[in-house]
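# Summary of structural features
Chain by chain, the residues run as shown.
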Amino acid sequence: SYWTRHGVCRFVNRAHCAWTGQGASEAIGRTLAAVFGAELHARITPHLEAVLAGEHRALEFRETRPDGSTVDTWLQLAPDQQGRVGGFIALATD
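To start, this report covers the structure provided alongside it. The structure displayed is predicted, hence computed values, not measured ones. (Residues numbered from 1 in each chain as written. Predicted model: local features only at pLDDT ≥ 70, side-chain atom pairs only at ≥ 80, totals over all residues. Heavy atoms only, no water.)

## Remarks on the side chain of Thr 73
Mapped onto the elements, Thr 73 comes out in strand 4 (residues 70–82). A relative accessible area of 3% places Thr 73 in the buried class. Within the local environment of Thr 73, its side chain forms a polar contact with the side chain of Glu 63, the two groups lying 2.8 Å apart. In contact with Thr 73, not counting residues within four places along its chain, are Trp 19, Leu 59, Glu 60, Phe 61, Glu 63, Ala 92, Thr 93 and Asp 94. (Helix = DSSP H or I, 4+ residues; strand = E, 2+ residues; numbered from the N terminus. Buried < 20%, exposed > 50% of the residue type's maximum accessible area, 1.4 Å probe, protein only. Polar contact = N/O pair within 3.5 Å; in protein donor to acceptor, adjacent residues only side chain to side chain. Contact = heavy atoms within 4.5 Å.)

## Some remarks on the pairing of strand 3 (residues 57–64)
Pairing geometry for strand 3 and strand 4, over eight bridges, is antiparallel. Counterpart to Arg 62 in the pairing with strand 4 is Asp 72. (Pairing = 2+ DSSP bridges.)

## Regarding the sheet that holds strand 3
A sheet is described by the order of its strands in space; here five strands give the open sequence 2-1-5-4-3, paired in antiparallel fashion. Two strands close off the open sheet at either side, each with one partner strand: strand 2 (9–11) and strand 3. Put simply, the sheet's adjacent strands are angled 30° from each other on average, direction ignored. Contacting strand 3, strand 4 and strand 5 (84–93), helix 4 (residues 38–52) crosses the sheet at an angle of about 170° to strand 3. (Axes fitted to C-alpha atoms, helices over the stretch in contact; angles between N-to-C directions.)

Shown next, in the form of structure tokens:
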């Protein structure tokens with residue numbers, strides 16, 4: 001998925017939609033907190049701040065999916081940087 005520096009979703013793929021249980025139209029234009037919830041957003045905020053400062057980040061966490069199953073997730077965050085960081089790419093693997 002692609003997120004602006006203000007945390008607004010601009011792109012998701014089919015895997016993202018399957019992971020979140022939301023269609024692309026439900027994610028695009030919404031904030032990270034609105035798409036994933038305030039709890040996950042709060043947990044990754046320090047990593048978001050780092051990626052917006054130009055750092056790559058990788059983290060692991062356990063989460064509960066919309067269907068109630070629990071999964072361990074590895075998340076990579078990469079800045080979209082051409083001079084100033086304009087946003088970031090998020091790549092998740094379970």
